[in-house]
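Below, each chain spelled out in residue letters.
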Amino acid sequence: MDDETSADEVQAGRRAFLTCFGSALAGGAVAATATALLPGPARAAAGGAPSPAIPDYDWKQHQWAFGVDARKCIGCLRCVEACKAENEVALDAHHFRTWVERYVYVEGEDAPRIDSQADPVNIAASGSEQHYRFANRYQDQKVERAFFVPKLCNHCTHPACVQVCPTGATFKTDDGVVLIDHTYCIGCQYCVQACPYGARFFNVEKKVTEKCTWCYHRITKGLLPACVEVCPTGARIFGDRRDKQSPISRFLAENRVDVLKPETGNAPNVFYVGIDKDVR
Amino acid sequence: MHPEFSAAPYIGYVYPNETVFPWGVLIVAYPYLTGLVAGAFTVSSLYQVFGLQRLRPVAHFALLTSLCCMIFVPTPLLLHLGHPERAFNAVFTPHWSSAMAMFGYFAGFYVLLLMVETWFVFRPYIVQQAQQRKDLLGRYYRLLSLGSYDLSEDALRVDRKWILALAIIGIPAAHGLHGYVGFLFGSLKSREWWSSDLMPVIFLFSAIISGVSLLTVLYVLSCKLRRIAVDVDCVKGLGYTVWGFLMFTLLLEGVEFGSLVYKGKEGIDMIMVFVTTRLVIPFFVLQIGVGAVTPILILSYMFWRGTAGRALVAGVTTSAALILLNVIMMRFNVVIGGQEISKTGVGLLSYPWVFLGREGVFAAASVLAAPMLLLLVMIRLLPPWHDPVNTPAH
Amino acid sequence: MPRHIRRLLLVLIGLGLVAVAVRNLVVDRSFYEYGHYRGNAVAEIARDKPKFQGTAYCQSCHAAEYDTWAHGLHYSPDTARIVKCEVCHGPGGGRDPGQNYLHAATGPVHPGNLKLAVPADTTALCTVCHEQIVGRPAEQRQIVSGEHAGGQQCSLCHDAHAPLRFKGALAAAAAGGNPAAGQRKTAACAPCHGPTGVSAAGLIGPTLAGQNRAYLAAALAAYRSGARKNPIMLGVASVLSNSDIEDIAAFFASQKCAAGPGGAAQLAAARAAGAAMCASCHGANGVPTGAAWPSLLGQSTDYLQGALRSYAGGDRSHVVMSAIAKSLDDAGTAKVAAYYGGAACK
């Protein structure tokens, strides 16, 4: 302490300072010391962390991947409705974990006409935002070729969404799935912006971001994702790349596949057969 | 059915989930506020660090303006978050690869820096009030003084060193804070309209002009309210500052837009449709024409003709007000415009205007008005007009 | 160092310590366990209950339906076309938020209240996959529902579990018969119907070539029993066994009687002739839109007019045709018969 005369004002100021900040300082110091003694957040062990506590499942044994054979898709949209039922996705035409696009090349036009089940015309055809079916459009045009393309989260190897998440609420698991921790997401929607594929959306009820999980609660129990389960034509293929006999391994071995927007460097893990340059 | 979102109408093809805009006008207010912070701090530093004596009348006022705006910078973000109560997750477990994770630290550090610098600058006044006042406010000043009334020449010399140091650190901090906001948008490869290396620099320069302009308008306004003469020399200094930075900003924006068009990457067709239809009024007319070219012409004319006195004050103030419009339109055209161009590259959305609610226009307007109200209180608690006891370091 | 600086630093350090303490208390213990996220989140997400249960779950109670399905076209593993139970019936183990699968009369949960979600409107359900729309690959079986069955429920003729297993008239059509054997038994037919069943000018019998097999078989059986009254046909049919009838029907059904081009112009012509209601089943050019209905190709105006009069008068009886024939006046009957009478074999 400086050896100066202590005026009353100084004393009063010191009291105010000591009572307010002194206690905070002391409290903070005690708390910091105390919490430092607690076991801190776990760090991945050098020998590799164990698998999360999922019954009868070791994520080190699996590397999941998804295939889409667009040549087989009939645009029935059973996948879209099944996904909404399985994952309790909002029942409107603006929130989808998976969706189906239709590309129609009309004679004499350079660019395809594209619509999805969310298009107002198709919603009008189904009569409700809760049911989906493609309207029989383009009957009057001369159509050169047309096809459907199912879309979903690409579960990228270098996911832009995970890169931009400020908290670590979205992450890539060891078995190759990009998940969202709904109890940790702050709802900033930066990931929605960052996803080049439009796969993410904001859940207005839970106030967090939502997207396809490849039905992680199903695949860890040995089941197929709901959309694959209900696809009546085998246009959706799912499996484990570690298993050489799995549908996806065979699909990748037998086909030359494309991924969407490879130039973004995200390295998607949904592989397409039978798409076209205009599919992005 | 949830009425809490409004779906955007569109043309062409857009991904189904894109019809709900992730970011609305609140996120327009956010970079606007940080810009004002950085700009106002620049003025204060021009005086504190670079010794621009002309700016002395507004130097401390600039610091207070910067602080008031900075305090409200997190509010648009918190209002926007789905779970504001979890906001600290980004600070407790910052994901460093995310541009946004830096925000908590940048903002926290900068608020502290501003507070400490303000404290040093106003310490003589605080001590004086702590000693004189016996009322409740006196207690407040005594608390602020941290119980030390040392105003000796030695102590003030140390204070001046701190102020200089903080002002110097503050320059990269303020500009880093705002450059980072530009990076937040520029680093997103998913959006052609945002994905640009120039984005941080553009944000920075537009930030500076917005802060200087705000200060000009507020200063002239405060002189009218306090019925004192406007320091024409100071206004001229502010005018010069904003003039130089404005030309550079316009140049950068031109380069960015030009290179986007010239490169003509995939999706440029849709961008050109966007630019030539929906962007004509907000971008070419309001942002460029009214907001940038007009003030440049006014300022250039006045400086060329050597206009002085009331005419100069009126001209600079008008220009400043136009520049404030320019910058808010620039923020709008970036934040909203970027989302209006679909990620499919073959579709355009129209932002559905929302007025009420947490993310509506009124919320955004309140967020922008709040720092001004706080400033009204602050200039009563810490009057920046007092002839400063501190003189600049050199 | 002046005292106020010391105190300022103390305040800042205090704030820092509080921040560190709060952080240590708040951050989940499993954070960073596997990476930059809450490790426990993975198992929490995996814990959700699946709603779609798979075919084995359904089979455990509905073995008969499962068996039908497993032998039908909706189970074609060779082409990876497998329409599982829950595609049409909805998730077996969970809510059905959109009520996409529920029959109005059944409960919302299965098997909680032991009610199966049965699609009520099969025309709406089946056309989700089978309506002909732009974009659907050619391999997919597609119909134009306006021309296929006149808006009747698909389940009227098809067993949805095995769609090529037919009900009603279609079941007979699918039954069989040997066309080669049938040809040897047609000596009695040729004088009136022509050797291949194409009724050339001057022959009194209607055209049989390309006629719907089930219709032919049913007609012969009706003549034999006297349900349809025709003295010549009664004589011919009375000597035929059931297998003879099947074989003869199969032979004539396999013969060619091709139609002229159909299409929009034809449909307009049918409308003009007052035959719009006929076209939804018999086609605008006389080729039936579904396997359940007879072909009108190559029939004479006289024959058709007679047939309509029989339906109207009660000599012949059919739930749909009797009603239609009664609704036509003499002029209308003549006009319709004349229209289809012009549809000769090509």
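Up top is the structure.
Throughout what follows, the structure given in this document is the object of discussion. On a predicted model such as this, the values are computed, not experimentally measured, just so you know. (Residues numbered from 1 in each chain as written. Chains lettered and ligands numbered in written order. Predicted model: local features only at pLDDT ≥ 70, side-chain atom pairs only at ≥ 80, totals over all residues. Heavy atoms only, no water.)

Digging into the overall build of chain A
If you tally the helices and strands in chain A, you get 8 helices and 10 strands. Per-residue burial for chain A yields a buried fraction of 60% across its 280 residues. Sequence-distant contacts in chain A: of pairs separated by 6 or more residues, those separated by 24 or more amount to 61%. Accessible surface, chain A: about 10900 Å² in total, of which carbon and sulfur atoms supply 53%. (Helix = DSSP H or I, 4+ residues; strand = E, 2+ residues; numbered from the N terminus. Buried < 20%, exposed > 50% of the residue type's maximum accessible area, 1.4 Å probe, protein only. Contact = heavy atoms within 4.5 Å. Areas by Shrake-Rupley, 256 points an atom, 1.4 Å probe, with all protein chains shown as cover.)

Here we look at the nonpolar core
If you look at the biggest cluster of nonpolar residues, it comprises 139 residues, and the most contacted ones within it are A:Tyr190, B:Met70, B:Tyr110, B:Phe185 and B:Trp193. With 15 residues, helix α5 (residues 101-132) of chain B is the single largest residue contributor to this core. If near-sequence neighbours (up to four positions away) are discounted, B:Trp193 is found in contact with B:Met199, B:Glu256, B:Phe257, B:Leu260, B:Ile271, B:Val275, B:Leu279, B:Asn333, B:Val334, B:Gly337, B:Gly338 and B:Ile341. One finds A:Tyr57, A:Phe171, A:Ile275 and A:Val279 within the second-largest nonpolar core, a separate group that totals 58 residues. (Core = buried A, V, L, I, M, F, W, Y, C linked by side-chain atoms within 4.5 Å.)

Description of the sheet that holds strand β3 (residues 113-116) of chain A
All names here are of chain A. Reading across the sheet, the 3 strands line up as β3-β2-β4 and stay open at both edges, with antiparallel pairing between neighbours. The open sheet is flanked by β3 and β4 (143-152), the only strands paired with a single partner. Taken over all neighbouring pairs, the strand axes of this sheet differ in orientation by 20 degrees on average, direction set aside. Sheet analysis places strand β2 (residues 98-106) next to β3, joined by 4 bridges and oriented antiparallel. (Pairing = 2+ DSSP bridges. Axes fitted to C-alpha atoms, helices over the stretch in contact; angles between N-to-C directions.)

Concerning the pattern of salt bridges
Oppositely charged side chains are able to pair whenever their charged atoms sit close together. Residue and element names in this part refer to chain A. Within this structure, the stated rule accounts for 25 salt bridges over all chains. Residue Asp278 is joined to Lys277 by a salt bridge in which the shortest nitrogen-to-oxygen separation is 3.0 Å. Salt bridges linked by common partners bring Arg102, Asp115, Asp119 and Arg137 together as one network. (Salt bridge = Lys/Arg side-chain N within 4 Å of Asp/Glu carboxyl O.)

Focus on the pairing of strand β9 (residues 236-240) of chain A
Residue and element names in this part refer to chain A. The element β9 is extensively covered by neighbouring structure, given that 5 of its 5 residues are classed as buried. Residues of β9 alternate between two faces, with Arg236, Phe238 and Asp240 on one and Ile237 and Gly239 on the opposite face, all of them buried. Sheet topology places strand β1 (residues 64-69) next to β9; 5 bridges connect them, and they run antiparallel. From the neighbouring strand, Phe66 faces β9, where its bridge partner is Phe238.

Brief notes about the environment of C:Asp302
Residue placement: C:Asp302 occurs in helix α16 (residues 301-313). Spatially, the C-alpha atoms of C:Asp302 and C:Ala338 are 8.4 Å apart, while their sequence positions differ by 36 residues.

A word on helix α2 (residues 78-87) of chain A
All names here are of chain A. α2 sits mainly inside the fold: 10 of its 10 residues count as buried. Where α2 is concerned, the buried positions are Arg78, Cys79, Val80, Glu81, Ala82, Cys83, Lys84, Ala85, Glu86 and Asn87. Glu88 lies just past α2 and shows a positive phi near 50 degrees.

Re the interface of chain A and chain B
In this complex, chain A contributes 63 residues to the contact, which on the side of chain B involves 49 residues. Across the chain A to chain B interface the summed buried area is about 4700 Å²; carbon plus sulfur atoms make up 57%. At the junction of chain A and chain B, the tally comes to 1 salt bridge. Among the ionic pairs, A:Arg280 bridges to B:Glu266, the shortest N-O distance being 2.9 Å. The tally of links from chain A across to chain B stands at 37 residue pairs in polar contact (both at pLDDT 80 or more). Of all the secondary-structure elements, those providing two or more residues to the side of chain A that touches chain B are α1 (8-37), β2, β3, α4 (160-164), α5 (190-194) and β7 (201-203) of chain A. Per-class residue counts for the side of chain A that touches chain B are 33 nonpolar, 15 polar and 15 charged. (Buried area = accessible area lost by both parts, 1.4 Å probe. Polar contact = N/O pair within 3.5 Å; in protein donor to acceptor, adjacent residues only side chain to side chain. Nonpolar A, V, L, I, M, F, W, Y, C, P; charged D, E, K, R; others polar.)

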